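Coordinate analysis (summary)
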Amino acid sequence: MPTDSLDSPGHHRGVVTRSWLALAVLALGLPLAACTTPKANDASGDAETEAHGAGAADWDYSQERGPERWAALDPSYVLARVGGSQSPIDIVTKDVHGADLPELVIDYPPQPLHVLNNGHTIEGLSTDTATLRFGEHLYTLRQFHFHAPSEHQIDGETAEAEVHFVHADGEGHLAVVAVLFDEGEAEHPEIGELLKIERLSEPGGELHDPDRLIDFHRFLPDHLNPYYTYAGSLTTPPATEGVRWFVLRERLHLNREQIEAVRRVYYSNNRPTQPLNARLVLIRD
């Protein structure tokens, strides 16, 4: 990923002034927008956890029940068609706005191994001890899961895979950290271990071993900052809006064998990019 400054050629980005930043804060779905923010304990689902779960088996990524048809499958999925702040998006780097944003501070203690194949993705569940801090706002990690290829694009380019870390605050407002994966020479050891768990190859497969710990930090790049951020939605039904997205600019890598293993389990479980409309994409360099 490029790391050039806000003023460097090819990445002309206006630094957000206080007035722009005020608008952007509203656009990022802070508690002021709670009326459209998905709640972790809503009847519509436990955020992305339940949206990806077995209770949502009426949708998938096929032509018959895939993204273009989601809104027709259930009235509660209507935002997938009419929503104006949907995710994922194509992040066009020349159009993003530099802003004086807080650092992302992640504290993920080792977690008991609990992973499952929920019929839509491979998902790792978390206890209530892992947190994300964004300024004064504290979120608790609920789960992480995989999409292949990536859902977000950068300047029209799709990565080999994308991992979403889904967090909720005390009021149920969601924040998702997205990590993109490219092809590289070295194996990613932690993902390699998950892919070797035979029972995860079929929907419904699950492994819960409280005595075996997994370090979620190993699924994150060394540098969480810089990042892109914008106000979006769940990328799966019910496509609820009001989700705060953080797309990390630093990427990780999978080797070719791991990419093929991911594709054998789940491939094309990525929703196409959605119109940006009037939203701002901010960047913290």
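The structure displayed is predicted, hence computed values, not measured ones. (Residues numbered from 1 in each chain as written. Predicted model: local features only at pLDDT ≥ 70, side-chain atom pairs only at ≥ 80, totals over all residues. Heavy atoms only, no water.)

1. With respect to the pattern of salt bridges
The test is simple: A carboxyl oxygen of Asp or Glu within 4 Å of a side-chain nitrogen of Lys or Arg is what we treat as a salt bridge. Secondary structure elements are taken from DSSP: a helix is a run of H or I of four residues or more, a strand is a run of E of two residues or more, and numbering for both begins at the N terminus.
Using the criterion set out here, one finds 13 salt bridges in the structure. A salt bridge links glutamate 160 to arginine 256; the shortest N-O distance between them is 3.6 Å. Taken together, the residues span a long stretch of sequence, with glutamate 160 in the loop between strand S9 (157-158) and strand S10 (161-168) and arginine 256 in helix H6 (residues 256-265) at a distance of 96 residues. Its salt-bridge partner being glutamate 190, residue arginine 218 comes within 3.3 Å of it at the nearest N-O pair. Taken together, the positions of arginine 218 in the loop between strand S12 (206-214) and strand S13 (227-233) and glutamate 190 in helix H5 (residues 189-195) put the pair 28 residues apart, joining distant regions of the chain.

2. Some details on the sheet that holds strand S8 (residues 153-154)
Under the convention used in this document: Note on pairing: two strands pair once DSSP finds at least 2 bridges between them.
If you walk across this open sheet you meet the 3 strands as S1-S8-S9, and the pairing is mixed. Either end of the sheet is taken by a strand with one partner, and the two such strands are strand S1 (90-91) and S9. Pairing analysis gives 2 bridges linking S8 to S9, with the strands arranged antiparallel. Pairing of glutamine 153 across the sheet is with threonine 158, part of S9.

3. As for the packing of aromatic side chains
Short version of the rule: Only Phe, Tyr and Trp rings take part, Trp by its six-membered ring, and two of them pair if their centres are within 6.5 Å. Stacked means planes under 30 degrees apart, edge-to-face means over 60, and tilted covers everything else. Accessibility here uses a 1.4 Å probe with only protein chains present; expressed as a share of the type maximum, an area under 20% marks a residue as buried, one over 50% as exposed, and anything in between as partly exposed.
Taken as a whole, this structure holds 12 aromatic pairs when the rule is applied. Between the aromatic rings of tryptophan 59 and tyrosine 61, the centroid separation amounts to 5.7 Å while the plane-to-plane angle is 80°, which identifies the pairing as edge-to-face. Centroid distance phenylalanine 134 to phenylalanine 246: 4.9 Å. Interplanar angle 55°. Geometry classified as tilted. Taken together, the residues phenylalanine 134 in strand S6 (residues 131-134) and phenylalanine 246 in strand S14 (residues 241-248) connect sequence positions 112 residues apart. Of the two residues, phenylalanine 134 and phenylalanine 246, neither departs from the other in class, the shared state being buried.

4. Side note on H6
Applicable threshold: To obtain the arc, one takes the directions from the helix axis to the C-beta atoms. Residue contacts are counted whenever heavy atoms from the two residues lie within 4.5 Å of one another.
Inspection of H6 places Gln258, Ile259, Ala261 and Val262 among the buried residues, and these make up the whole buried set. Burial along H6 is one-sided: seen end-on, the buried residues are contained in an arc of 160°. In H6, those exposed residues whose orientation departs by more than 90 degrees from the buried face are Glu257 and Arg264. Where H6 is buried, its residues meet strand S11 (174-183), H5 and strand S15 (252-254).

5. Description of the pairing of S6
Note that strand S3 (residues 104-107) and S6 share 4 bridges and pair antiparallel. Across the sheet, isoleucine 106 pairs through a bridge with leucine 132, a residue of S6. One ladder, built from 4 bridges, connects S6 with strand S7 (residues 137-147); its direction is antiparallel. When the bridges of S7 are listed, threonine 131 appears paired with threonine 140.

6. What about the environment of leucine 141?
Mapping leucine 141 onto the fold places it in strand S7. Leucine 141 gets classed as buried once you look at its relative accessible area, which sits at 0%. Those residues in contact with leucine 141 that sit more than four places away from it in its chain are Tyr108, Ser126, Thr127, Ala130, Thr131, Phe165, Val166, His167 and Phe216.

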